[in-house]
Amino acid sequence: MTETRTGYLLAAIQDEQQPVTTHRAEEILAASPYSAHRNSARKSLRTLTRRGLLATTNHDGRRTYTPTGATA
């Protein structure tokens, strides 16, 4: 699944040690061959959450994302 923006982002998030914010997702995508705009990061995070691959939590008023352990 890493041949798509969402696949690339999911693989990178699974390697992260801490929950990922939209800002961090944007930084991850900046190092990829895919679009690195904030809105692109948000869309990818929402897609991965809808598919059950990421879980969301709110920490200090900020939404963060963590892998659920489900596979694509």
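Because the structure is predicted, anything quoted here is derived from the model rather than measured.

Break down a positive patch on the surface for me, citing the residues and quoting the values.
Where like charges cluster on the molecular surface, the positive patch consists of Arg-42, Lys-43, Arg-46, Arg-50 and Arg-51. Topologically, Arg-50 is positioned in helix α3 (residues 38–50). Taking the relative accessible area as the measure of exposure, Arg-50 reaches 64% and is therefore exposed.

Which residues make up the packing of helix α1 (residues 5–15) against α3, and what values go with them?
In contact at an axis separation of 10 Å, α1 and α3 are set at 75° when each is read in the N-to-C sense. It follows from the interaxial angle that α1 and α3 lie roughly perpendicular. Residues Arg-5, Thr-6, Leu-9, Leu-10 and Ile-13 of α1 pack against Ser-40, Ala-41, Ser-44, Leu-45, Thr-47 and Leu-48 of α3. Residues belonging to the contact of α1 with α3 are distributed by class as follows: six nonpolar, four polar and one charged.

Criteria and cut-off values
- Residues numbered from 1 in each chain as written.
- Predicted model: local features only at pLDDT ≥ 70, side-chain atom pairs only at ≥ 80, totals over all residues.
- Heavy atoms only, no water.
- Patch = residues over 30% accessible without salt bridge, like charges linked within 9 Å, V, L, I, M, F, W, Y side chains within 5 Å.
- Areas by Shrake-Rupley, 256 points an atom, 1.4 Å probe, with all protein chains shown as cover.
- Salt bridge = Lys/Arg side-chain N within 4 Å of Asp/Glu carboxyl O.
- Lys, Arg positive; Asp, Glu negative; His and termini not counted.
- Charge placed at Lys NZ, Arg CZ, Asp CG, Glu CD.
- Helix = DSSP H or I, 4+ residues; strand = E, 2+ residues; numbered from the N terminus.
- Buried < 20%, exposed > 50% of the residue type's maximum accessible area, 1.4 Å probe, protein only.
- Axes fitted to C-alpha atoms, helices over the stretch in contact; angles between N-to-C directions.
- Parallel < 35°, antiparallel > 145°, perpendicular 65-115°, else oblique.
- Contact = heavy atoms within 4.5 Å.
- Nonpolar A, V, L, I, M, F, W, Y, C, P; charged D, E, K, R; others polar.

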